[in-house]
Number of protein chains: 2
Amino acid sequence: MKHNFGAGPCILPQEVFEEAARAVVNFNDTGLSILEISHRSKEFEAVMAETERLVRELLAVPHGHSILFLQGGASTQFAMVPMNLLPPGGKAAYLDTGTWASKAIKEAKKIGDVSVVASSSDANYTYIPKGYEVPGDAAYFHYTSNNTIFGTEVFETPQSPVPVVSDMSSDILSRRINVADFGLIYAGAQKNMGPAGVTLVIVKDELLGKTGRTLPAIFDYQPHIAAGSMYNTPPVFSIYVSMLNLRWLKAKGGVDVIEQENIIKARTLYDEIDRNPLFRGTAAPEDRSRMNVTFVTENKEHEAPFLELAKERGLVGLKGHRSVGGFRASIYNALSITGVNALVDAMQEFEEQNK
Amino acid sequence: MKHNFGAGPCILPQEVFEEAARAVVNFNDTGLSILEISHRSKEFEAVMAETERLVRELLAVPHGHSILFLQGGASTQFAMVPMNLLPPGGKAAYLDTGTWASKAIKEAKKIGDVSVVASSSDANYTYIPKGYEVPGDAAYFHYTSNNTIFGTEVFETPQSPVPVVSDMSSDILSRRINVADFGLIYAGAQKNMGPAGVTLVIVKDELLGKTGRTLPAIFDYQPHIAAGSMYNTPPVFSIYVSMLNLRWLKAKGGVDVIEQENIIKARTLYDEIDRNPLFRGTAAPEDRSRMNVTFVTENKEHEAPFLELAKERGLVGLKGHRSVGGFRASIYNALSITGVNALVDAMQEFEEQNK
């Protein structure tokens, strides 16, 4: 039994893997593989419709916000967001909370003017800046809700006089959000939604079509909305597996139930990090992510042996990102409390060994 | 037993489906699903490297041409090609051979000037224009090598004084091509390479970085080349299944062997269409595609009953595209001669029934 703490692509529920495997050989008793059916078949149209319906239900997406399943990951959204929302001559406001926020800023600057309202780069992004002001003349305000690399998370939607855009790649569907507060939300699927290869976009329709820019159709949200995410051949399998995963989440009781589980999982692990004298968390306690728990050993020489012990216990994917070092335990929706307890046990065992 | 004649996403070899299904539960005995491993793991790096190596070997891609696995399908390439190859103030030459060629033209016009060298729209794209001249001052010349909807195919690489760019989505890997003749080749995977969700691009390195345009990194081929198709999280599963399918093709003997099979399959089916008084091919005989065989019934009232008979015989995906009507038998690499013979048998049975 392995517990996969990898940051992404990452763990999904075992039952999702098993049902997906069956569909690769025989999808819904059609005698055909999910990989060989037409995206225009009624069978796949049903998959697309159910996936959208599940997102709408689980996140309580209001009327007037469209739901899209696109390709290209969050990195493509770094460009598409300003292409679609930032008029020539306008400016966009961004919050800089880490590697991915910085990349979003860098790409937006290629499209137009960008005002960075605040940054925590002064302290290697260990905290979320507060007390900044979003300029009222910006076309939109962009922030990254969870910083996978640095282990920080924004739990309260920032106050903004302009539409809020959020990259929620690594915490979407892990907790309740009020979608009506957002102009646009995007998320690479490969954390809590599904496998790599599909990107969720939720966009308030009335914000679109106002920049006067001529866009290639494929980079314009509107043709995708008009075609129900079938403007071009969608990533069939990634959408199908996302549907299975959303069904699993719904059966569990939905976002509110998983949020409570995620709170308990995160608390269990942070409590041990704070208690165990051999370890130390790297993120500011008030901004600690519930998805990616970053920590180091107090003694640098303990790093390799702890990683070794963890591996022996079947705990994989714990090595920290090079920007932070140490360890990163990604405890996404599908990583059970059993997995977290196994990690805590390993930390306590390691403490015993090093007394 | 079903024979899947669907135009795409489409049939792949049964053994590919079976191995892919096993990997969705347990990839390479890692105890993890292919869907949950990191794209930065050594296991996936090996998959990416082998996939690239197989494309290079099977298509004899020369040194100086890079191989990329991107997202977004051919529709994304309709924009990326001019963004990367067409300098501001320059013009690009396009051949208009059908729906997809027209879309490529429409998108390129949003980026710069386009000169359409010839079109077969006058005859509902039933033939490939010939005798046109490609202007020497164009940045590149673009054509679609196989027209999935209209059932026509360009077998000889057009003469061009400027770099040739080809959308080979529906015939790549079905026959020998001389990659050195091309500046850029692109192909949505979902015909002969793999499942939907990944796009193959083969590009001559020396053509890049010359337009002076500032591009979002995700739409610029160069960062993808520098990162070995890992600039952002790649579509892991679609690449993995492509690798399995390319292994299958190599084990069969490669492109030359499959080309001979494809010639025989196409000839078998076209011979029956020409012989059987109830049916008629829609494409000009000299331009008939080996991948998508388009045909109609002489008597319009025979259409529905023949489709019904075919369905009873397990022959699926035969309904023609609305632009042509009638039938379209897509006979990609993985559709065996047994499948073609079953279709021919059904056509002969239908002839008997309607004597």
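Per an unreviewed UniProt entry, chain A goes by Phosphoserine aminotransferase and derives from Parapedobacter composti. In its Function (unreviewed entry) section, the UniProt entry covering chain A states "Catalyzes the reversible conversion of 3-phosphohydroxypyruvate to phosphoserine and of 3-hydroxy-2-oxo-4-phosphonooxybutanoate to phosphohydroxythreonine." According to its UniProt record, chain A has this under Sequence similarities (unreviewed entry): "Belongs to the class-V pyridoxal-phosphate-dependent aminotransferase family. SerC subfamily."

J.: With reference to specific residues and values, describe the pattern of salt bridges.
T.: Applying the stated criterion across every chain, the model contains 40 salt bridges over all chains. Across the salt bridge formed by Glu261(B) and Lys252(B), the nearest N and O atoms sit 3.2 Å from each other. Taking the relative accessible area as the measure of exposure, Lys252(B) reaches 31% and is therefore partly exposed. A single network of salt bridges, built from pairs that share partners, joins Glu153(A), Asp171(A) and Arg175(A).

J.: For the interface of chain A and chain B, give the residues involved together with the corresponding values.
T.: Interface size, as often reported, equals the accessible area lost upon joining of the parts. Each partner contributes to the interface: chain A provides 50 residues, whereas chain B provides 50 residues. Buried area between chain A and chain B, both sides added, is near 3,900 Å², and the carbon and sulfur share of it is 64%. For the pair chain A and chain B, the number of links is zero salt bridges. Taken together, the connections running from chain A to chain B amount to 14 residue pairs in polar contact (both at pLDDT 80 or more). When residues of the side of chain A that touches chain B are traced back to their parent elements, those giving at least two are α1 (14-25), α3 (73-85) and α6 (236-252) of chain A. Here the side of chain A that touches chain B gets seven residues from one element, more than from any other, and that element is α1(A). Partitioned by chemical class, the residues of the side of chain A that touches chain B number 28 nonpolar, 17 polar and five charged.

J.: Describe the sheet that holds strand β14 (residues 327-330) of chain B, naming the residues involved and giving the relevant values.
T.: Residues and elements named next belong to chain B. With antiparallel pairing, the three strands of this open sheet are ordered in space as β11-β12-β14. Looking along the sheet, the strands with just one partner apiece sit at the ends: β11 (279-281) and β14. Taking the axes of each pair of neighbouring strands and ignoring which way they run, one obtains an average angle of 35° across the sheet. Bridging between β11 and strand β12 (residues 292-297) involves three bridges; their strand directions are antiparallel. Looking at β12, one finds that Arg-280 is bridged to Val-296. Against the sheet, helix α7 (residues 255-275) engages β11, β12 and β14, with an angle of about 15° to β12.

J.: Tell me about empty space enclosed by the protein, residues and numbers included.
T.: Under the defined criterion, the tally for this structure stands at seven cavities of 30 Å³ or more. Estimates place the volume of the largest cavity at around 300 Å³. In terms of lining, the largest cavity is formed by 27 residues, of which the most central are Gln71(A), Gly72(A), Gln71(B), Gly72(B) and Thr76(B). Tallied by class, the residues present in the lining of the largest cavity amount to 14 nonpolar, 13 polar and no charged.

J.: How would you sum up the pairing of β12(B)? Please name residues and give values.
T.: All names here are of chain B. The element β12 is largely enclosed, with a buried count of six among its six residues. Burial of the side chains of β12 extends over both faces: Asn-292, Thr-294 and Val-296 are buried on one face and Val-293, Phe-295 and Thr-297 on the other. As judged from the four bridges shared by β12 and β14, these two strands associate in the antiparallel manner. Bridging from a neighbouring strand, Phe-295 pairs with Phe-327 of β14.

J.: Tell me about unusual backbone geometry, residues and numbers included.
T.: Between Gly8(A) and the following residue, Pro9(A), the backbone shows a cis peptide bond with an omega angle of -10°. Residues other than glycine seldom take positive phi values, yet Asn28(B) does so here, at roughly 50°. Note on placement: Asn28(B) falls in the loop between α1 (14-25) and α2 (42-58). The exposed category is assigned to Asn28(B), whose relative accessible area is 57%.

J.: Kindly report on the domain arrangement of chain A, identifying the contributing residues and their values.
T.: Residue and element names in this part refer to chain A. Assigned domains of chain A: these are domain 1 (14-252) and domain 2 (254-353). When each unit is reduced to the centre of its C-alpha atoms, the spacing between domain 1 and domain 2 is 27 Å. Taken together, the contact pairs 27 residues of domain 1 with 27 residues of domain 2. Both faces combined, the contact of domain 1 with domain 2 buries some 2,200 Å², and carbon together with sulfur accounts for 52% of it. Three residues stand out in domain 1 for area buried against domain 2, namely Ile-149, Arg-176 and Lys-252, and they jointly supply 23% of the buried area on that side. Applying the counting rule to domain 1 against domain 2 returns three salt bridges. The interface formed by domain 1 and domain 2 includes 18 residue pairs in polar contact (both at pLDDT 80 or more). Among the elements of the structure, β7 (152-153) and α6 are those that each provide at least two residues to the side of domain 1 that touches domain 2. Among the elements that make up the side of domain 1 that touches domain 2, the one with the highest residue count is α6 (four residues).

J.: Explain the sheet that holds strand β10 (residues 199-204) of chain A to me, using residue names and the numbers behind them.
T.: All names here are of chain A. Across the sheet, seven strands lie side by side as β2-β10-β9-β8-β5-β3-β4; this open sheet has mixed pairing. The outermost strands of the open sheet, each flanked by one partner alone, are β2 (65-70) and β4 (113-119). In this sheet, neighbouring strand axes are inclined to one another by 15° on average, regardless of whether the strands run parallel or antiparallel. Relative to β4, strand β3 (residues 91-96) is paired through six bridges, and the arrangement is parallel. What sits directly across from Ala-92, in β4, is Val-114. Its contacts with the sheet put α3 on β2, β3, β8 (164-167), β9 (184-188) and β10, and the angle it makes with β9 is roughly 160°.

J.: Could you give me a rundown of the relation of the copies chain A and chain B, with the residues and numbers involved?
T.: With an RMSD of 0.0 Å, the operation that places chain A on chain B is a rotation of 180° combined with a shift of 0.0 Å along the axis. Taken together, the rotation and translation describe the operation of a two-fold axis. Relative to the rotation axis, the C-alpha of Ala21(A) is the closest in chain A, positioned 2.2 Å from it.

J.: Could you give an account of the packing of aromatic side chains, with specific residues and numbers?
T.: Throughout the structure, instances matching the rule amount to 28 aromatic pairs over all chains. Summarising the aromatic geometry, the rings of Phe295(A) and Phe327(A) are spaced 5.3 Å apart at their centres and angled 40° between planes, so their arrangement reads as tilted. Of this pair, Phe295(A) sits in strand β12 (residues 292-297) while Phe327(A) sits in strand β14 (residues 327-330), and the two are 32 residues apart along the sequence. Looking at Phe295(A), the relative accessible area reads 0%, which means it is buried. With centroids separated by 6.1 Å and ring planes inclined at 15°, the aromatic side chains of Phe141(B) and Tyr143(B) adopt a geometry described as stacked.

Rules used throughout
Residues numbered from 1 in each chain as written. Chains lettered and ligands numbered in written order. Predicted model: local features only at pLDDT ≥ 70, side-chain atom pairs only at ≥ 80, totals over all residues. Heavy atoms only, no water. UniProt positions renumbered as here; feature names shortened; annotations may be inferred. Salt bridge = Lys/Arg side-chain N within 4 Å of Asp/Glu carboxyl O. Buried < 20%, exposed > 50% of the residue type's maximum accessible area, 1.4 Å probe, protein only. Contact = heavy atoms within 4.5 Å. Buried area = accessible area lost by both parts, 1.4 Å probe. Polar contact = N/O pair within 3.5 Å; in protein donor to acceptor, adjacent residues only side chain to side chain. Helix = DSSP H or I, 4+ residues; strand = E, 2+ residues; numbered from the N terminus. Nonpolar A, V, L, I, M, F, W, Y, C, P; charged D, E, K, R; others polar. Pairing = 2+ DSSP bridges. Axes fitted to C-alpha atoms, helices over the stretch in contact; angles between N-to-C directions. 1 Å grid on protein atoms, 1.4 Å probe; cavity = no way out; pocket = protein on both sides within 12 Å on 5 of 7 lines; lining within 4 Å. Points joined across faces, edges and corners; volume = space filled by probe spheres on them. Domains from an automatic or database assignment. Least-squares fit on C-alpha atoms with pLDDT ≥ 70 in both. Phe/Tyr/Trp six-rings, centres within 6.5 Å; stacked < 30°, edge-to-face > 60°.

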